[in-house]
Amino acid sequence: MLFAVGVGLLAASTAYSAYDRYFNQGQSGWQALLGGAADATGISGIYTGITGRDLVTQHHLSLTPAQQRQMLTEGSIQVVGSALVLYGGVRSFLRGRVPVAPTRGGKLFGLREWEVAPGQQAKAAKTLQQLEADYFKATGRRPVVLDADHPQGALGYIDPKTGHIELYSGERFGSAARAEELFHYQQLKARGLLGKTEAEIGPKVIQEMEQEVEQLLRNAGFQPKR
Amino acid sequence: MDPSNDYLALVRDALYARHMKQVGCFAFNQASDRVQEAGTPILPTLERVLRDEVMPRCPSDPSAQHQGFPGLGNLLVDYFRIARDGQMERAAEFLSSLRGPVLIEAIRAISTVWDHTIPSPFMPTIETAARTGSPEEREIASWSLDWHQNKPQIEEELAASRKEMGL
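Residues numbered from 1 in each chain as written. Chains lettered and ligands numbered in written order. Predicted model: local features only at pLDDT ≥ 70, side-chain atom pairs only at ≥ 80, totals over all residues.

**Student:** Explanation requested: the overall build of chain B in the structure shown.
**Tutor:** Counting secondary structure elements, chain B contains nine helices and two strands. Order of helices (α) and strands (β) in chain B, N terminus to C terminus: α-β-β-α-α-α-α-α-α-α-α. In terms of overall dimensions, chain B is globule-like: its C-alpha atoms have a radius of gyration of 16 Å, near the 15 Å expected for 167 residues. For chain B, the proportion of its 167 residues judged to be buried stands at 40%. Sequence separation of 24 or more characterises 70% of the internal contacts of chain B that already satisfy a separation of 6 or more. (Helix = DSSP H or I, 4+ residues; strand = E, 2+ residues; numbered from the N terminus. Rg over C-alpha atoms; globule rule 2.2 N^0.38 Å. Buried ≥ 20, exposed ≤ 12 C-beta atoms within 10 Å, placed from the backbone. Contact = placed C-beta atoms within 7 Å.)

Okay, structure coming up:
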């Protein structure tokens, strides 16, 4: 959203500046367009602030030293702003999703997002079906799916004390979070940790389970989301 | 100072999951852990809140129930973990007073705390629920009795499944 607003403002500023260069200053179409883009991003300001000339036409603008300093300052601020907009856009493109969509951060353990690996749909579906059946047999219930997004962007959680699993965002981001939490249930069961408190489980075991679940997910046909 | 007021605040904090800690994929209800640490003196407060505040207005739909009382399951596990140490008759009496979704969650909590075996003081209530309870009560009570009666066989099946998945 912020990226879209930023790009919109840059485009509008480029168009306004290009219009001014073309119609009021008599520059050619290419000069007006390049100059407009340079004005909008702040590059012209920095160039003019340093040299006292227009970046595109190279005309000397007869500016006072104070005016040059002012242009240099304003141009620098504009360049930083444009760079931030560009960085946000590239980052969002590389993630393959819009910046406002829930994200799990990518730090330490248990914070990676997963997806079904190419060609592994059948394997992943079979494992998920088995995990579901085992969970239902062991608890007499199914994971609760909430349509709302988690405030921190998490896609699922398990409470070790009750074995209760909660899945967020209506599972719009695929079935991997369900598989991950169901695997965690099996880990807790295998270690005799259901019904225990955080202190009884301890950080070391939590970390071990988060590491182990990555291999379990890979074996089941899932891969980390790019 | 009357400690029951502190207990009441603590139990409600746990019931409404006001102090959650998330570590990776694991969510911990910290107030619930403190309830458990309080031990036997907190049992009357737990009974009162669960029976008088939760039971009359607990929805049967799992999503609605979790949104209304997200810490219900935690409190029931806490209750039975505390009661396990010398308070079994009291716990049996409390269990027999429960109905509906709270009874269902209580039977699940017993399965968690005693790893799918039913202690004998609880057996009459669970058998009654399996025979004469609502459809949902009958279902969970029958599930619990099935585990109790066939635990080695069910455990073996689930262990084989875990092994197949690399656990």
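**Student:** What am I meant to see in the overall build of chain A here?
**Tutor:** When its secondary structure is counted, chain A shows eight helices and five strands. Within chain A, buried positions represent 36% of all 226 residues. Once local pairs closer than 6 in sequence are excluded, the contacts in chain A between residues at least 24 apart make up 58%.

**Student:** For this particular structure, what's the right way to read the confidence of the model for chain A?
**Tutor:** Do not read the fine detail of predicted coordinates wherever pLDDT is low. In this model, chain A carries a mean pLDDT of 79, and residues with pLDDT of at least 70 account for 71%. Every residue in residues 92-109 of chain A is under pLDDT 50, and counting partners more than four places away or in other chains gives 27 contacts. (pLDDT = per-residue confidence, 0-100.)

**Student:** Sorry if this is basic, but what is going on with the interface of chain A and chain B here?
**Tutor:** Interfaces are often sized by the amount of accessible area the parts lose when they come together. Taken together, the 38 residues of chain A in the interface contact 31 residues of chain B. Among the secondary structure elements, those contributing two or more residues to the side of chain A that touches chain B are helix H5 (121-139), strand E3 (156-159), helix H6 (176-190), helix H7 (198-201) and helix H8 (203-219) of chain A. Within the side of chain A that touches chain B, the residues separate by chemical class into 14 nonpolar, 15 polar and nine charged. (Nonpolar A, V, L, I, M, F, W, Y, C, P; charged D, E, K, R; others polar.)

**Student:** Explain the environment of leucine 98 of chain B to me, please; I cannot follow it from the model alone.
**Tutor:** Residue and element names in this part refer to chain B. Tracing the backbone through its elements, the reader meets leucine 98 in the loop between helix H6 (88-96) and helix H7 (100-113). Measuring from C-alpha to C-alpha, the distance between leucine 98 and alanine 9 comes to 22 Å, with 89 residues separating the pair along the chain. Not counting chain neighbours up to four residues away, the residues in contact with leucine 98 comprise Arg51, Met55, Leu103 and Ala106.

**Student:** I would appreciate a short explanation of H7 of chain B in the present structure.
**Tutor:** Residues lying three or four places apart along an α-helix face the same way, a consequence of the helix completing one turn every 3.6 residues. Compared with an ideal rise of 1.5 Å per residue, which puts 14 residues at 20 Å, H7 of chain B spans 20 Å between its outermost C-alpha atoms and is within 8% of the ideal. Within H7 of chain B, 13 of the 14 residues are buried, leaving the element largely enclosed by the surrounding structure. (Expected span 1.5 Å × (residues − 1).)

**Student:** Help me understand unusual backbone geometry in this model?
**Tutor:** Generally, phi is negative for residues other than glycine and the peptide bonds are trans, each holding for most cases. Positive phi, normally seen in glycine, also occurs at serine 169 of chain A, with a value near 55 degrees. Structurally, serine 169 of chain A is set in the loop between strand E4 (164-167) and H6. The phi dihedral of aspartate 115 of chain B falls on the positive side, at around 45 degrees, and the residue is not glycine. With respect to the helices, strands and loops of the structure, aspartate 115 of chain B is situated in the loop between H7 and helix H8 (123-132).

**Student:** Is there a simple way to explain the confidence of the model for chain B in this structure?
**Tutor:** Per-residue confidence for chain B gives a mean pLDDT of 95; residues scoring 70 or more make up 98%. Overall fold confidence for the complex sits at a pTM of 0.72, while the interface term, ipTM, reaches 0.94.

**Student:** Would you explain the pairing of E4 of chain A in this entry?
**Tutor:** Regular strands place their side chains on alternate faces of the sheet. Residue and element names in this part refer to chain A. Side-chain alternation along E4 places His164 and Glu166 on one buried face and Ile165 and Leu167 on a second face that is also buried. Pairing of strand E2 (residues 144-145) with E4 involves two bridges; the strand directions are parallel. In the sheet register, valine 144 faces E4, and the bridge partner there is glutamate 166. Bridge count for E3 against E4 is four bridges, and the pairing is antiparallel. Paired with glycine 156 across the two strands is leucine 167, which belongs to E4. (Pairing = 2+ DSSP bridges.)

**Student:** I would appreciate a short explanation of the packing of helix H3 (residues 43-54) of chain B against helix H5 (residues 72-83) of chain B in the present structure.
**Tutor:** Each pair of packed helices can be summarised by the angle the axes make with each other and by the distance between the axes. All names here are of chain B. At a closest axis distance of 10 Å, the pairing of H3 and H5 adopts a crossing angle of 145 degrees. Our pair here, H3 against H5, has a crossing hand that is left-handed. Contact with H3, carried on its side by Leu43, Leu46, Leu50 and Val54, involves Leu72, Leu75, Tyr79, Ile82 and Ala83 of H5 and no other residues of that element. (Axes fitted to C-alpha atoms, helices over the stretch in contact; angles between N-to-C directions. Left-handed = near helix turned anticlockwise from the far one by under 90°.)

**Student:** Looking at this model, I keep getting lost on the pairing of E3 of chain A. Mind explaining?
**Tutor:** Both faces of E3 of chain A are covered, namely the face carrying Gly156 and Ile158 of chain A and the face carrying Tyr157 and Asp159 of chain A. Linkage of E3 of chain A to E4 of chain A, two consecutive antiparallel strands, is achieved through a turn of four residues, within which glycine 163 of chain A is found at a positive phi near 75 degrees.

**Student:** Even after reading the chapter, I still don't get H8 of chain B, so can you show me in this structure?
**Tutor:** Residues and elements named next belong to chain B. Within the span of H8, buried status applies to Thr125, Ile126 and Ala129. Looking straight down H8, one finds that the buried residues subtend no more than 95 degrees of arc, so they occupy a single side. Turned more than 90 degrees away from the buried face of H8 sit Pro124, Arg131 and Thr132, all of them exposed. Summarising the contacts, the buried residues of H8 are in contact with H6, H7 and helix H9 (135-164). (Arc of directions from axis to C-beta.)

**Student:** Just checking my understanding: could you explain the environment of arginine 99 of chain B for this structure?
**Tutor:** On the secondary structure map, arginine 99 of chain B appears in the loop between H6 and H7. Taking the C-beta count within 10 Å as the criterion, arginine 99 of chain B has 16 such neighbours and is therefore assigned partly exposed.

**Student:** Please explain the packing of H6 of chain A against H8 of chain A as it appears in this structure.
**Tutor:** Residue and element names in this part refer to chain A. Relative to each other, H6 and H8 sit at 125 degrees, their axes nearing to 10 Å. The pairing of H6 with H8 is recorded here as oblique in orientation. Of the two possible hands of crossing, H6 and H8 adopt the one that is right-handed. Along the contact surface, H6 presents Ala176, Ala179, Glu180, Phe183, His184 and Gln187, while H8 presents Met209, Glu212, Val213, Leu216 and Leu217. Residue classes in the contact of H6 with H8 are distributed as seven nonpolar, two polar and two charged. (Parallel < 35°, antiparallel > 145°, perpendicular 65-115°, else oblique.)

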